[in-house]
Amino acid sequence: MTHKIQSQTDEQKALCDRLITGAAHMMVDDAGVPVPLMLDRILTFAAAQSCANEGKARTAAAFRDLAARIEAGALDRKGLQ
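Every value quoted in this text rests on a predicted model; they were computed, and no experiment measured them.

The rules behind these values
- Residues numbered from 1 in each chain as written.
- Predicted model: local features only at pLDDT ≥ 70, side-chain atom pairs only at ≥ 80, totals over all residues.
- Heavy atoms only, no water.
- Patch = residues over 30% accessible without salt bridge, like charges linked within 9 Å, V, L, I, M, F, W, Y side chains within 5 Å.
- Areas by Shrake-Rupley, 256 points an atom, 1.4 Å probe, with all protein chains shown as cover.
- Salt bridge = Lys/Arg side-chain N within 4 Å of Asp/Glu carboxyl O.
- Helix = DSSP H or I, 4+ residues; strand = E, 2+ residues; numbered from the N terminus.
- Expected span 1.5 Å × (residues − 1).
- Buried < 20%, exposed > 50% of the residue type's maximum accessible area, 1.4 Å probe, protein only.
- Arc of directions from axis to C-beta.
- Contact = heavy atoms within 4.5 Å.

Chemist: Sorry, what's going on with a nonpolar patch on the surface here?
Modeler: Together, Val35, Leu39, Leu43 and Phe63 line one region of the surface with nonpolar side chains, adding up to about 340 Å² of accessible area. At three residues, the largest contribution of residues to the nonpolar patch is made by helix H2 (residues 35-54). With respect to the secondary-structure elements, Phe63 resides in helix H3 (residues 56-71).

Put into structure tokens, the structure is as follows:
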């Protein structure tokens, strides 16, 4: 899984979102894994794949950027703060 993404479509993003959601449901609902552990494993997997593809410096920068965007409200929605 060391492929660099050349381009992406909305359909590909939606498919990935559905697959990740299904995997999360399988871990939590079917296997009984606590949500914090599921999140840890998904984030660790994402970080490891990013390091393998982009290197640790770019991965760390991307995670810092993501954290800043989250703190700035990128994921806010009504009732979620």
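Chemist: What is the right way to read H2 from this model?
Modeler: What sets the pattern is the α-helix's 3.6 residues per turn: residues three or four places apart point alike. Compared with an ideal rise of 1.5 Å per residue, which puts 20 residues at 28 Å, H2 spans 28 Å between its outermost C-alpha atoms and is within 8% of the ideal. Every buried residue of H2 is accounted for by Met38, Ser50 and Asn53. The buried residues of H2 occupy an angular sector of 95° when projected down its axis, which confines them to one face. Against helix H1 (10-30) and H3 lie the buried residues of H2. Of the residues one or two after H2, Gly55 is the one with positive phi, at around 90°.

Chemist: I keep staring at the pattern of salt bridges and nothing clicks. Help me out?
Modeler: Close approach of charged atoms allows side chains of opposite charge to pair. Taken as a whole and assessed by the stated rule, the structure comprises three salt bridges. Two residues, Glu54 and Arg58, come together in a salt bridge whose shortest N-O distance is 3.3 Å. On the basis of relative accessible area, Arg58 is assigned to the exposed category, the value being 57%. In this structure, the salt-bridge partner of Asp65 is Arg69, at a minimum N-O distance of 3.1 Å. Highlighted residues: Asp65 and Arg69, both in helix H3, separated by four residues, approximately one helical turn. Of the residues examined, Asp65 reaches a relative accessible area of 39% and is grouped as partly exposed.

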